[in-house]
Amino acid sequence: DAKTTQPTSMDCAEGRAANLPCNHSTISGNEYVYWYRQIHSQGPQYIIHGLKNNETNEMASLIITEDRKSSTLILPHATLRDTAVYYCIVRDNTDKLIFGTGTRLQVFP
Amino acid sequence: GAVVSQHPSRVICKSGTSVKIECRSLDFQATTMFWYRQFPKQSLMLMATSNEGSKATYEQGVEKDKFLINHASLTLSTLTVTSAHPEDSSFYICSARPRPRPYEQYFGPGTRLTVT
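Residue indices follow the written sequence of each chain, beginning from 1 at its first position. Here every chain gets a letter starting at A, and every ligand a number starting at 1, in the order they are written. The predicted origin of the model limits local features to residues at a pLDDT of at least 70 and limits the giving and counting of side-chain atom pairs to 80 or more, whereas totals for whole chains, interfaces and linings rest on all residues. To obtain the side-chain values, all non-hydrogen atoms of the structure were included, while hydrogens and water were left out.

Digging into the overall build of chain B
Moving on, step 1. Looking only at helices and strands, one finds 0 helices and 11 strands in chain B.
Moving on, step 2. Only DSSP runs of H or I covering at least 4 residues are called helices, and only runs of E covering at least 2 are called strands; the numbering of each starts at the N terminus. Listing each helix as α and each strand as β along chain B from the N terminus yields β-β-β-β-β-β-β-β-β-β-β.
Moving on, step 3. For 116 residues, the compact-globule estimate of 2.2 N^0.38 gives 13 Å, and the C-alpha radius of gyration of chain B, at 13 Å, lies within 12% of that figure.
Moving on, step 4. By its C-alpha atoms, chain B is 40 × 25 × 20 Å across when sized along the principal axes.
Moving on, step 5. Exposed residues in this analysis have more than 50% of their type's maximum accessible area, buried residues have under 20%, and partly exposed residues fall in between, with area computed by a 1.4 Å probe over protein chains only. By residue count, 52% of the 116 residues in chain B fall in the buried class.
Moving on, step 6. We call two residues in contact whenever any of their non-hydrogen atoms come within 4.5 Å of each other. For chain B, contacts bridging at least 24 residues in sequence account for 55% of all contacts bridging at least 6.
Moving on, step 7. Both charge centroids of chain B, one from 13 positive and one from 9 negative side chains, sit 3 Å from each other. This radius of gyration counts C-alpha atoms alone. The globule rule is 2.2 Å times how many residues there are, raised to the power 0.38. When charges are counted, neither His nor the chain ends are considered; positive counts come from Lys and Arg and negative counts from Asp and Glu. Charge coordinates come from a single atom per side chain, which is NZ of Lys, CZ of Arg, CG of Asp or CD of Glu.

As structure tokens, then:
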């Protein structure tokens, strides 16, 4: 079973920051938080992952709360091409990636 | 880097025939590969995990005799849907984990299977 809870859908205006929340209250000490996204009819694309520190790369930033029970993926300047389903997944290094239902992000002009 | 390819991208076959889908890691070696299935408007469902040179481990409810997985090399895994039926029509996606970096996992573009 997926170990995360995400809102079903969100909207964001083009050029604005998109903040996608994820709850993972049962996360254990050795589990990482991963974010993937899936654009319609394509395979999932890796975005970012983290353990307890905040992380940033060229695509996004990941903010993890101090108690690690929740996190937020931030797309700093959303574009129309960021419209996709975003999946938040927790796993340890040897575990499988189990997908939940994700958040459908719609970026509008 | 870290590209995973699948072939074919879409296939239509008749009921009762078998279909093979190939998954390749193009620029890295993958000790572990995964096969997922996705029905319309649903999330990805993990079907099986395969390690190079050993038998695949199937998730509960997935018929191993119907979905044959072969992981013969560090860059190639195949999924064969045997005696396909219309209910097997789905989007099949493979994924590969790089050999020295188990915390990473990359996905192929998917194969759309339609059984008529």
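What follows picks up the thread again.
Brief notes about the state of the cysteines
All names here are of chain A.
Moving on, step 1. Criterion for a disulfide: a pair of cysteine sulfur atoms at a distance within 2.5 Å. Per the counting criterion, the structure on display carries 2 disulfides over all chains.
Moving on, step 2. For Cys22, the disulfide goes to Cys88, at an S-S distance of 2.1 Å. Handedness here is read from the sign of the S-S torsion; for Cys22 and Cys88, about -85°, the answer is left-handed. Pair noted here: Cys22 is in strand 2 (residues 18-23) and Cys88 is in strand 8 (residues 84-91), with a separation of 66 residues, a long-range link.

Considering the interface of chain A and chain B
Moving on, step 1. Taken together, the contact between chain A and chain B spans 20 residues of the former and 19 residues of the latter.
Moving on, step 2. A 1.4 Å probe defines the accessible area here, and the buried area is the portion of it lost by two parts on being joined, summed over both. Both faces considered, chain A and chain B share a buried interface measuring about 1,400 Å² in area, 52% of it formed by carbon and sulfur atoms.
Moving on, step 3. The salt bridge criterion pairs a side-chain nitrogen of Lys or Arg with a carboxyl oxygen of Asp or Glu, the two atoms within 4 Å. In this structure, the connection of chain A to chain B is made through 1 salt bridge.
Moving on, step 4. In this structure, the salt-bridge partner of A:Lys96 is B:Glu59, at a minimum N-O distance of 3.0 Å.

Topic: the packing of aromatic side chains
Moving on, step 1. Stacked, tilted and edge-to-face are the three classes assigned to paired rings of Phe, Tyr and Trp, where Trp is represented by its six-membered ring and a pair needs centres within 6.5 Å; plane angles under 30 degrees give stacked, over 60 edge-to-face, the rest tilted. Taken as a whole, this structure holds 11 aromatic pairs over all chains when the rule is applied.
Moving on, step 2. Seen from their ring centres, A:Tyr87 and A:Phe99 are 5.0 Å apart, and the 85° between their planes marks the pair as edge-to-face. Of this pair, A:Tyr87 sits in strand 8 while A:Phe99 sits in the loop between strand 8 and strand 9 (103-108); the two residues are 12 residues apart in sequence, bridging distant segments of the chain. For the pair shown, A:Tyr87 and A:Phe99 are each scored as buried.
Moving on, step 3. Here the aromatic cluster, defined as three or more aromatic residues joined through ring pairs, consists of A:Tyr36, A:Tyr46, A:Tyr87, A:Phe99, B:Phe28, B:Tyr36, B:Tyr106 and B:Phe107.

Section: the nonpolar core
Residue and element names in this part refer to chain B.
Moving on, step 1. In plain words, nonpolar cores are sets of buried Ala, Val, Leu, Ile, Met, Phe, Trp, Tyr and Cys residues tied together by side-chain atoms within 4.5 Å. Counting 25 residues, the largest nonpolar core has Val4, Trp35, Phe67, Leu79, Tyr92 and Leu113 as its most contacted members.
Moving on, step 2. The set of elements that each furnish at least two residues to this core consists of strand 2 (10-13), strand 3 (19-25), strand 4 (30-38), strand 5 (45-51), strand 7 (67-73), strand 8 (76-81), strand 9 (90-98) and strand 11 (111-115).
Moving on, step 3. What Tyr92 contacts, discounting residues up to four positions off in sequence, is Gln6, Ile21, Tyr36, Arg37, Met47, Phe67, Leu79, Gly110, Thr111 and Leu113.

Things to note about the sheet that holds strand 1 (residues 4-7) of chain B
Sheet strands pair via backbone hydrogen bonds, and the direction of the pair is either parallel or antiparallel.
Residue and element names in this part refer to chain B.
Moving on, step 1. Here, any two strands with at least 2 DSSP bridges between them count as paired. If you walk across this open sheet you meet the 4 strands as 1-3-8-7, and the pairing is antiparallel. Across the chains shown, the open sheet's two edge strands, defined by having one partner strand only, are strand 1 and strand 7. On average, each strand axis in the sheet is tilted by 15° relative to the strand beside it, whichever way the strands run.
Moving on, step 2. With 5 bridges joining them, strand 7 and strand 8 adopt antiparallel strand pairing. Residue Ser73 lies in a different strand from strand 8, and its bridge partner there is Leu76. Lines fitted to C-alpha atoms define the axes, with helix axes restricted to the stretch in contact, and inter-axis angles between N-to-C directions lie between 0 and 180 degrees.

Notes on the sheet that holds strand 7 (residues 70-75) of chain A
Residues and elements named next belong to chain A.
Moving on, step 1. The 4 strands are arranged 2-7-6-5 in an open sheet whose pairing can be described as antiparallel. For this open sheet the edge positions go to strand 2 and strand 5 (55-56), each flanked by a neighbour on one side alone.
Moving on, step 2. Sheet topology note: the strand 2/strand 7 ladder contains 6 bridges and is antiparallel. If you follow Asn23 over to strand 7, its bridge partner there is Ser70.

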